[in-house]
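Examination of the molecular architecture
Letter by letter, the chains look like this.
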Amino acid sequence: MSEKAQESMARLEAMKAEARLGGGEKRMEAQHGKGKLTARERVDLLLDEGSFEELGMLVTHRSNLFGLDKQQFLGDGVVTGYGTIQGRLVYVFSQDFTVLGGSLAEAHAEKICRIMDLAMDNGAPVIGLNDSGGARIQEGVVSLGGYADIFHRNVQASGVVPQISAILGPCAGGAVYSPALTDFILMTEGTSYMFVTGPNVVKTVTHEEVSAEALGGARTHATKSGVAHLTVPHEVAAMDQIKSLLSYLPQNCEETPSSLPYSGLDEERPKLNGVIPENAQQPYDMRDVVKELVDEGEFLEIQPDYAANIVVGFARLAGRSIGVVANQPAVLAGVLDIGASTKAARFVRTCDAFNVPLLVLEDVPGFLPGTDQEWNGIITNGAKLLYAFSEATVPRITVITRKAYGGAYDVMNSKHIGADLNFAWPTSEIAVMGAKGAAEIIFRKEIAGSDDPAVKLAEKEAEYAALFAHPYRAASRGYVDEVIEPAQTRSRLIKGFAMLENKTVRRPRRKHGNLPL
Ligand code: HXC
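One structure accompanies this document, and this report is about it. (Residues numbered from 1 in each chain as written. Predicted model: local features only at pLDDT ≥ 70, side-chain atom pairs only at ≥ 80, totals over all residues. Heavy atoms only, no water.)

Examining the overall build of the chain
Across its full length, the chain carries 20 helices and 17 strands. Going through the 517 residues of the chain one by one, you find that 51% of them count as buried. Looking at the chain alone, contacts between residues at least 24 apart form 72% of all its contacts between residues at least 6 apart. Total accessible area computed for the chain in this model is approximately 23,800 Å², and 54% of it derives from carbon and sulfur atoms. Averaging the locations of the 51 positively and 64 negatively charged side chains of the chain gives two centres separated by 4 Å. (Helix = DSSP H or I, 4+ residues; strand = E, 2+ residues; numbered from the N terminus. Buried < 20%, exposed > 50% of the residue type's maximum accessible area, 1.4 Å probe, protein only. Contact = heavy atoms within 4.5 Å. Areas by Shrake-Rupley, 256 points an atom, 1.4 Å probe, with all protein chains shown as cover. Lys, Arg positive; Asp, Glu negative; His and termini not counted. Charge placed at Lys NZ, Arg CZ, Asp CG, Glu CD.)

Structure below.
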């Protein structure tokens, strides 16, 4: 090597060491003191050992305003590059809070855009590790432009490659919209928050006193807003969750998720024969059914604490990735409301975009009545779920475990809206409504005019139940393909999804549909 080359190499090594130090030793310690890892530690934890290839390590900002010329940091506050997770290519950016608060400006944004472009060109997921004070105030409008460049790419990449956002520190102002445009948001408890306007602005405008945690912490977004799909106690768990999530998804929309090896053994699940209580009004936990049906009982539930009357998440069946959408009789009797409809619609569309087949477990008494629901738009929001199922082209199988009443029967992946197979357990009831409510309406006059209305109601209820509180009327029409013993469900699902493996559906050409937003 020439002397010049040796000098250049030595300079490079010095610069790399400087870049790795971010905003300096003290600031790294401060980061640890807050219970947070540094940007590089996070990347190391996320990716397969030694797989990370950094891009743009020596990039710096070009601003000299407000003394920024004296605050040049190699990498400009974000670590970007590519590597592998369980051997699969991924692109990653990790914001460095020790450098100018991880704030985003021109060069920082360009680095993120560069890896998003590469991810699109090469068909691989993008993972964003967010920890930033938002737009770099000193750089003004170029910071805003940088955000918009990222937002635009988020939208172009939507449904093309999986995009996962981990929120590991502050995420405020318009900055929240990049994660919001991605497929999944994961938040760490106690160390992350997201809001469009912070507590100070809230106080000025609405006079409400609220802490950052209460306004936009992980718990808030997991339970009240539904913004967070997953929450974790610390960053080590965050990286594990990202890996787990990715394992259910393909690299891009042209591929199918990879399967795990599977050797069919005994698929009987006798426990399922005892799941449905004798009393139709008694709840049970649908997650017990899910766990009994899927491989190893492993279920990655998405948004578990938001609209808990519907359960959504990923699992595997005979090694293949599936998305599960299940009414939850243990919460609000599994009724469909605005929250449940939008939660499930979003999940269905995510699965459909990435070729993850859908299993629907149905036990639903209908849509939730009331002024609150009507005035807040159960019509438009319920339609989202109807729309999402109707447009989904992935293999779709429904199992009706108990109630399938009213419009909810149609919406919950009925064959009428394109489900491929529909099974019903012997305990299922497929009707416009429950027997009591039905009898009260259609036999109102007869009941009122009888000597003993209570006895008459019971008699009419029994009459209606005998006609509809079973699956055989639906089966006689072919709306239900088969009534199956619960213990046989897993085996039937495995065969059904295998039969549907090469399903292809061609839709008429159009610019895009008009989902009722
Ligand atoms: C430049 C910033 C910065 C920012 C933080 N820093 N945010 N520098 N631009 N946006 C710097 C701080 O000056 C400080 O530098 C260092 O980062 C660490 O910040 P601290 O305040 O000491 O940390 P902490 O106490 O943990 O508080 C974190 C914080 C706070 C809550 C995020 O820094 C903060 O409120 N920052 C401003 C947030 C904000 O208003 N951003 C703009 C949002 S609007 P020194 O050198 O002193 O250590 C937006 C628009 C996006 O983002 C639009 C997209 C469409």
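Focus on the pattern of salt bridges
This structure, assessed with the given rule, holds 27 salt bridges. D76 is paired through a salt bridge with R136; the nearest N and O atoms lie 3.1 Å apart. With D76 in the loop between β1 (53–55) and β2 (78–85) and R136 in the loop between β4 (126–130) and α5 (141–157), this pair connects stretches of sequence that are 60 residues apart. The burial state of D76 is the same as that of R136; both residues are buried. (Salt bridge = Lys/Arg side-chain N within 4 Å of Asp/Glu carboxyl O.)

Let's talk about the packing of aromatic side chains
For any two aromatic rings, the description comes down to two numbers: the centre-to-centre distance and the angle of the planes. This structure, assessed with the given rule, holds seven aromatic pairs. Residues Y147 and F151 carry aromatic rings whose centres are separated by 5.9 Å and whose planes lie at 25 degrees to one another, so their mutual orientation is stacked. One end of the pair is Y147 and the other is F151, both in helix α5 and four residues apart, which spans about a single turn. Geometrically, the ring pair formed by Y464 and F468 is tilted, given 4.9 Å between the ring centres and 40 degrees between the ring planes. Taken as a pair, Y464 and F468 lie in helix α18 (residues 453–468) at a separation of four residues, close to a single helical turn. Note on Y464: relative accessible area 11%, which makes it buried. Taken together, the aromatic side chains of F184, Y248, F314 and F347 make up a single cluster linked through ring pairs. The cationic tip of R316 hangs over the ring face of Y248; the distance from NZ or CZ to the ring centre is 4.3 Å. We note K460 situated over the ring of F443; from NZ or CZ to the ring centre the distance is 4.6 Å. (Phe/Tyr/Trp six-rings, centres within 6.5 Å; stacked < 30°, edge-to-face > 60°. Lys NZ or Arg CZ within 6 Å of the ring centre and 35° of its normal.)

Quick word on the site of the ligand
In the neighbourhood of the ligand, 20 residues make up the surrounding shell, with R27, G101, G133, A135 and Q138 lying closest. Within the side chain of R27, one N or O atom sits 3.0 Å away from an oxygen atom of the ligand. For the ligand, a nitrogen atom lies 3.1 Å from a polar atom in the backbone of I137. The fraction of the free accessible surface of the ligand (1,000 Å²) that becomes covered by protein chains is 55%. At three residues, α5 tops the list of elements feeding residues into the shell around the ligand. (Near = heavy atom within 4 Å. Polar contact = N/O pair within 3.5 Å; in protein donor to acceptor, adjacent residues only side chain to side chain.)

What to know about the packing of helix α4 (residues 106–122) against α5
At a minimum axis distance of 8 Å, the contact between α4 and α5 shows a crossing angle of 10 degrees. Our classification of the angle between α4 and α5 gives roughly parallel. The way α4 lies across α5 gives a crossing that is left-handed. The residues of α5 that touch α4, namely those facing E106, A109, I112, C113, M116, D117 and M120, are V142, G146, D149, I150, R153, N154, Q156 and A157. Its residues assigned to classes, the contact of α4 with α5 shows eight nonpolar, three polar and four charged. (Axes fitted to C-alpha atoms, helices over the stretch in contact; angles between N-to-C directions. Parallel < 35°, antiparallel > 145°, perpendicular 65-115°, else oblique. Left-handed = near helix turned anticlockwise from the far one by under 90°. Nonpolar A, V, L, I, M, F, W, Y, C, P; charged D, E, K, R; others polar.)

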